[in-house]
Amino acid sequence: MPVIARSQSLPLAPELAERLHKLEPALPLTAPSSDATLYIGWFNDKPISAAWALGASDGRQLGHFAIHPATRGRGVLARLAQEIRELENSAGHRVLSADDYSTLD
């Protein structure tokens, strides 16, 4: 299942926020910190996963992973994390770590 990661500007459109409420565990829909970037994983133009990149550009961390229950067991979060790392690296940021998402994936 290909996952396309895109950063999302805030505030969220109501329809998108409603779709993200279906992800588990609950995803914070407001920035957890002033340097946070929300990334959404898309498949067939539907949001199926999301995570936040947090911290200074020399040590970003990925956290608050959430996934649509129907996509569990397909490696979606691993692909989302990889896509986010690539996007962050291309922006000149260094990603140091990620929450353990393997229990969700």
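Please refer to the structure higher up on the page.
Note that the coordinates shown come from a computational prediction; the quantities given were computed from them, not determined experimentally.

(A) Representation of the overall build of the protein chain in the model. Along the backbone of the protein chain there are two helices and five strands. Along the protein chain, helices and strands appear, N-terminal first, in the series β-α-β-β-β-α-β. Relative to the globule expectation of 13 Å for 105 residues, the C-alpha radius of gyration of the protein chain, 13 Å, shows essentially globular dimensions. Based on the C-alpha atoms only, the size of the protein chain along its principal axes is roughly 35 × 30 × 20 Å.

(B) Local environment of the pattern of salt bridges. Overall, the coordinates contain three salt bridges when judged by the stated rule. Put simply, glutamate 88 and arginine 60 hold a salt bridge, and the shortest N to O gap is 2.8 Å. You can see glutamate 88 sitting in helix H2 (residues 76-90) and its partner arginine 60 sitting in strand S4 (residues 60-67), a full 28 residues away along the chain.

Basis of the calculations
- Residues numbered from 1 in each chain as written.
- Predicted model: local features only at pLDDT ≥ 70, side-chain atom pairs only at ≥ 80, totals over all residues.
- Heavy atoms only, no water.
- Helix = DSSP H or I, 4+ residues; strand = E, 2+ residues; numbered from the N terminus.
- Rg over C-alpha atoms; globule rule 2.2 N^0.38 Å.
- Salt bridge = Lys/Arg side-chain N within 4 Å of Asp/Glu carboxyl O.

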